[in-house]
Structure formats: structure tokens, C-alpha cells
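Architecture at a glance
Residues per chain, in single letters:
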Amino acid sequence: MKLLKPLLSFFSLSALAAGCAHANMPKSQILLADLDTPYGVQVTIVSDKTSYNNQPYLINDDLYFTHEVLTNNQSQTDIAHYNLTTREITNLTNTPVSEYSPTLMPNKTSLSAIVVEADSKQKLWQYPLDTQSAPSRIFDWIEPVGYHAWGIKNDLVMFILGQPHTLQYTSVDAARGEIAASDISRTLIYNHNAAMFLFSYTKNDQHILASFNPQNKQVGDLLRLPTQVQDFILKDDKTIAYAIKNRVYQRKLDGSNEISQWLDLSTYCETNITRMSYNNDKLAFVCDVTQ
């Protein structure tokens, strides 16, 4: 496990690419906002801004993200770990191939990630958090996987790249994807309270937030999203949040049209917030870096 240089800058506020490794990846920076402090919202810089840092995933006191590694003018990505207590960054993976989209598995002892293998095929792997056990491929034949989200019974939905991109559902035991929807976008979330997966897709030239019920395999349209919104998070079991430019908005899942601003992060991101992860009153967010 190699150590990355930690970035400890601290501020206070009172008021589609699938991830294949390539040269000249877009530069982006990850920051962490603590929303519940005696001093208001406080923001910490997590990653550098001279490379690609993306796909944050918060778990309690841990933040995992995709970090670009540059070697001989070529780039690939590793999964990095940021400890919220010590503010130290280490690598969960350190390989010649690219890993991205870290996600906690239902057993809570391993992370799953997409691996761009040596033959360029994108497959789903698992990485034990104790780092003493060897990683292993979860599915031998399901590919190319772009993104994924786990349910609670070792089942999951996957973004499978293609023409068009499809939402496919399976379980570790079944190991065979069933197509549930087409023309989907990249965000996949499991809503534990509703026992359903959330995703978005294009339908009749509109961008629709929808649910997938793993019990009856039915898709249900919930609400219309702004066209430019490709990523969203669950603020709670009944509320989604998404960023437009450098402000974050919230909206209920009951289909109402009421939208309100949740956070103004323009002080910390002058460009666009592209991805977010939320847990325990902490929000990790990705800010594009202007070239």
C-alpha cells in the first residue's frame, strides 16, 4: 500500500466517460464538506487538482475515490482511501491496470470496483478492506461494466456499455444480467427504505428519474430531471440532491415539482460540481478544474 501526499487545506463557511485509462484525463479535485459543525459548513481539500480525482464514495469515517496515476506520460487510475480522522491518503489498489467506481459490498468487508483489465475489458472485481486477502473477479462473463450499485441480497444493477447503454440486474449467484431499461445515465443508487434501485434514463426525449423494483422487476417513472443533471445522490430516503454548476439543489421523490437550493458551494468550486457522495452530514464533491 503506497502513501499519497495528504492535502490538509481547510476552509470555513458560515453562511460520461466510463473511466478507461488514457492520457490527458480531465483534471478534477475532491473536497469534503462537513455540514454539521458549531461554525457552520466547513470544507476540506482532499485531493490534488493536477490530475483526475473523481467518483467519491463515503462510508462512515472513510472516503474512497478514483485517483489518476501518471507514468511515462500515460495515465491509469487506482482506488485511493482518505481517512476523515487522520486526513491521510493511501492506495487501496496499486496495479498496472485501472480501477474505478469504488462501492461498498453488502458484506461490508469488501469494496467492489470496475477494473479495466489488460485486454481492455471492463469487469467487476472485489477488494477486501483488510488488504491482506487477494482481490478477485466477481463476474467472469458480464462486461463491459461502467457503473454499479448493490442491493442487500448480493444483488445489484449495472450500467452495461453498449448501443444503447442498458441497466442490467443480477445477483452474485445468478451471474447473468437481465436488461431492465435502456438509454440510461451513469448514476445508480439503492434506496434501502424503499427497497428499490434508482437510476435515470431518456424516455420520449425527456430525462427521467426512475426506480427499479428487484422483487417484481418493474421500472417506475418518478419525476423529470433537468437535462444537464447526470448525477444525483440520496440526501435521505425521500429526497434526492443534484448539482447545477456549483450549487446543490434538493427535491422530494414524491413527484412534487418543488425544488429548493440546499448548498451554495461557489466559494470552493468556481466551475462545475460533477459528482457527490453524502453520508452522516458530510458531502464529498468533485470540482472540475479549468484547463
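Structural data are supplied above this passage.
Residues numbered from 1 in each chain as written. Predicted model: local features only at pLDDT ≥ 70, side-chain atom pairs only at ≥ 80, totals over all residues. Heavy atoms only, no water.

The next point concerns the sheet that holds strand S22 (residues 239–244). With antiparallel pairing, the 4 strands of this open sheet are ordered in space as S21-S22-S23-S24. With one partner strand each, in any of the chains shown, strand S21 (233–236) and strand S24 (259–264) form the two edges of the open sheet. Each neighbouring strand pair of the sheet contributes to a mean axis angle of 40°, computed without reference to strand direction. Strand direction decides the pairing type here: strand S23 (residues 247–252) and S24, joined by 5 bridges, are antiparallel. For Arg247, the partnering residue across the bridge sits in S24 and is Asp264. (Pairing = 2+ DSSP bridges. Helix = DSSP H or I, 4+ residues; strand = E, 2+ residues; numbered from the N terminus. Axes fitted to C-alpha atoms, helices over the stretch in contact; angles between N-to-C directions.)

Put simply, Glu143 and Pro144 share a cis peptide bond, and its omega is 0°. Here Pro144 lies in the loop between strand S12 (136–137) and strand S13 (145–150). Along the chain, Gln163 connects to Pro164 via a cis peptide bond; the corresponding omega equals 5°. With respect to the helices, strands and loops of the structure, Pro164 is situated in the loop between strand S14 (155–160) and strand S15 (166–171). Even without being glycine, Ala175 reaches a positive phi, approximately 55°. On the secondary structure map, Ala175 appears in the loop between S15 and strand S16 (178–182). Positive phi is not limited to glycine here, since Asn204 has a value of about 55°. Of note, Asn204 is situated in the loop between strand S18 (196–203) and strand S19 (206–213). You can call Asn204 exposed: its relative accessible area is 69%. (Buried < 20%, exposed > 50% of the residue type's maximum accessible area, 1.4 Å probe, protein only.)

Moving on, we get to the pairing of strand S4 (residues 41–45). Of all the 5 residues making up S4, 5 are buried; the element is thus mostly covered by neighbouring parts of the structure. Of the two faces of S4, both are covered, the one formed by Val41, Val43 and Ile45 as well as the one formed by Gln42 and Thr44. Of the strand pairs in this sheet, strand S3 (residues 28–34) and S4 are connected by 4 bridges, and their pairing is antiparallel. Directly across from Ala33, in S4, lies its bridge partner Val43. Taken together, S3 and the strand that follows it, S4, pair antiparallel across an intervening segment of 6 residues, in which Gly40 is found at a positive phi of about 90°.

With that settled, the discussion passes to the pairing of strand S10 (residues 110–116). Most of S10 sits out of view: 7 of its 7 residues are buried. Residues Ser110, Ser112, Ile114 and Val116 line one face of S10 and the alternating positions Leu111, Ala113 and Val115 line the opposite face, and both faces are buried. Pairing of strand S9 (residues 98–104) with S10 involves 5 bridges; the strand directions are antiparallel. Following the sheet pairing, Tyr100 is matched in S10 by Ile114. Between S9 and S10, which pair antiparallel in sequence order, lie 5 residues; one of them, Lys108, sits at a positive phi of approximately 60°. The pairing of S10 with strand S11 (residues 122–128) spans 7 bridges and is classified as antiparallel. Across the sheet, Val115 pairs through a bridge with Lys123, a residue of S11.

We now examine the side chain of Ser110. Locating Ser110 in the fold gives a position in strand S10. For Ser110, a relative accessible area of 6% gives the class buried.

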